[in-house]
Amino acid sequence: MRETKMICTMCGKEYLGEHFRCSCGEPLELIIEKKKSVNISWKKSGILESFSDLLPELKDCGSLSMGEGLTPLTKIEHAMKDGLELFIKNEAINPTWSFKDRGSYLAVLDAINRGYRNIGTVSTGNMAASIAAYGMRAGLKTTILVSDSIPEEKISPIAIYGPRILRVNGDYDRLYFRSLELGKNKNIYFANYDIPIRVEGSKTIAFEIFLQLEGRVPDFVIVPTSSGGNVRGIEKGFRELEACGLSNYIPRMIVAQALGCCPVHRAFSSGDNQIKRFARPHTIAHAIENPFPPSGNAVLKILRENQGITVAVNEDEILTAQRQLAKRGLFGQPASAVAFASISKLKNEIGIKRALVVAVLTGSGLKYPAVLKEQPSIVEATDIDSLQDLL
Ligand SMILES: *Cc1c(COP(=O)(O)O)cnc(C)c1O
Ligand SMILES: [Zn+2]
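Since this is a predicted model, take the numbers as computed values, not measurements.

### As for the packing of helix 10 (residues 315-327) against helix 11 (residues 334-350)
Packed helices, taken two at a time, are described by their axes: the angle between them and the distance between them.
Stage number 1. Contact pair helix 10 / helix 11: the axes reach a minimum separation of 8 Å and the direction vectors enclose 95 degrees. Taken together, the axes of helix 10 and helix 11 are roughly perpendicular relative to one another. Contacts from Glu 317, Ile 318, Ala 321, Gln 322, Gln 324 and Leu 325 of helix 10 reach helix 11 at Pro 334, Ala 337, Val 338, Phe 340, Ala 341 and Lys 345.
Stage number 2. Grouping the amino acids of the contact of helix 10 with helix 11 by side-chain chemistry returns eight nonpolar, two polar and two charged.

Laid out in structure tokens, this is it:
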């Protein structure tokens, strides 16, 4: 067995054994003992086999995998006339149509390997559906804590998997930390957004991009960011590729947010190293509407250390980007369109010209069709006899 420990992303305190978060309140990161020689390769059998040299040693005895990860990297031709080479990492091609499945798969395996019979999470969106799917598939008792104000249309895509759903009245931000405490007392594995094993899941996005670009490393990776767990994972993946000598460069991370909820962008732009709660968040990009991201401070640190960039886009820009992406064949949910919308900002405001850029399409546009009311549908009508004239 390779040794593993956890280290706090902020205070550096080290932990052995099972921990979800540092006593200082900040997120922990998993450190796996290095192998002498590291190999990664694209194996159809799944992410665990493909990247086992750089992942925790988890066994999938009960065939929990549903083919998460190993998603397409799609080239956007003529993205920009002046030298931008743009690819979209299409995470909509996952069993529950978002990147969350990578982390949920590993988290549920981790819970099983540690002997848990109960799993849960705090979420009203993709995370809830993903944990519900993997938890129920594994035969674990699965509990999803949702906020009191969750609209019915968001309940049914979770409920279909059959988990226990609890509406909780009270401060929804506090529920994240409260659930981790309660999990300890009640023996429930709370697989919340940015726990260390989920970050390991997001690492595999970086490994795949590296393989798909045949060993080239992007200059920039654009990640629509809410809790910060995904961007932390992608950065960690590239950092590990460099540390083991497979690459010699770490891309600059671009944290993309909606202007209606941009706590990371706001803190970073004003040079703060602490996130302040974003008052009255409101955006159509619900999947990235976390006003007080639990990995926010850790993300700020990554951005500072690695010449990162933050961008925030308005609601019109999000809807326009969603249509533009669809014109290239890719239908992402509004949160994912935020990454695409950021590109024109980067070009105009930051002046990126020649660059290799990957934007992460984090989830499918079909998941929440209610938001499509915001998009114009142009439909013409005719009777069958006049059809010939119209065509
Ligand atoms: C969860 C989610 C995000 C944000 O990821 P974080 O790890 O919370 O930063 C972005 N887009 C979609 C579609 C998501 O489901
Ligand atoms: Zn700490």
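### Describing the side chain of Thr 143
Stage number 1. Along the chain, Thr 143 turns up in strand 7 (residues 141-147).
Stage number 2. Here Thr 143 falls in the buried class, since its relative accessible area comes to 11%.
Stage number 3. In this structure, Thr 143 is in contact with Ile 119, Gly 120, Thr 121, Arg 164 and Leu 166, ignoring residues within four places of it in sequence.

### A word on helix 4 (residues 152-159)
Stage number 1. Of the positions making up helix 4, those classed as buried are Lys 154, Ile 155 and Ile 158. Projected down its long axis, helix 4 carries its buried residues within an arc of 105 degrees, all on one side.
Stage number 2. On its buried face, helix 4 is in contact with helix 3 (126-137), strand 7 and strand 8 (164-168).

### Focus on the coordination of the zinc ion (ligand 2)
Stage number 1. Of the protein atoms, only Cys 8 (SG), Cys 11 (SG), Cys 22 (SG) and Cys 24 (SG) coordinate the zinc ion (ligand 2), at distances of 2.2 to 2.3 Å.
Stage number 2. Note that the zinc ion (ligand 2) binds four donor atoms; their angles at the metal cover 105 to 123 degrees, and the shape is tetrahedral.
Stage number 3. The sequence motif formed by the donor residues of the zinc ion (ligand 2) is C-x2-C-x10-C-x1-C.
Stage number 4. Here Cys 8 falls in the buried class, since its relative accessible area comes to 5%.

### Looking at the pattern of salt bridges
Stage number 1. Here the structure, examined in full by the defined rule, presents 22 salt bridges.
Stage number 2. Among the ionic pairs, Lys 236 bridges to Glu 240, the shortest N-O distance being 3.0 Å. You can see Lys 236 and its partner Glu 240 sitting in helix 7 (residues 229-243), four residues apart, about one turn around the helix.
Stage number 3. Since its relative accessible area comes to 1%, Lys 236 is described here as buried.
Stage number 4. Bridged by salt links that share partners, the residues Lys 89, Glu 91, Arg 102 and Glu 208 form one connected network.

Scoring rules and cut-offs
Residues numbered from 1 in each chain as written. Chains lettered and ligands numbered in written order. Predicted model: local features only at pLDDT ≥ 70, side-chain atom pairs only at ≥ 80, totals over all residues. Heavy atoms only, no water. Axes fitted to C-alpha atoms, helices over the stretch in contact; angles between N-to-C directions. Helix = DSSP H or I, 4+ residues; strand = E, 2+ residues; numbered from the N terminus. Parallel < 35°, antiparallel > 145°, perpendicular 65-115°, else oblique. Contact = heavy atoms within 4.5 Å. Nonpolar A, V, L, I, M, F, W, Y, C, P; charged D, E, K, R; others polar. Buried < 20%, exposed > 50% of the residue type's maximum accessible area, 1.4 Å probe, protein only. Arc of directions from axis to C-beta. Donors = N, O, S within 2.8 Å, 3.2 Å for Na, K, Ca; no water. Tetrahedral: all angles 85-135°; square planar, octahedral: opposite > 155°, others 65-115°. Salt bridge = Lys/Arg side-chain N within 4 Å of Asp/Glu carboxyl O.

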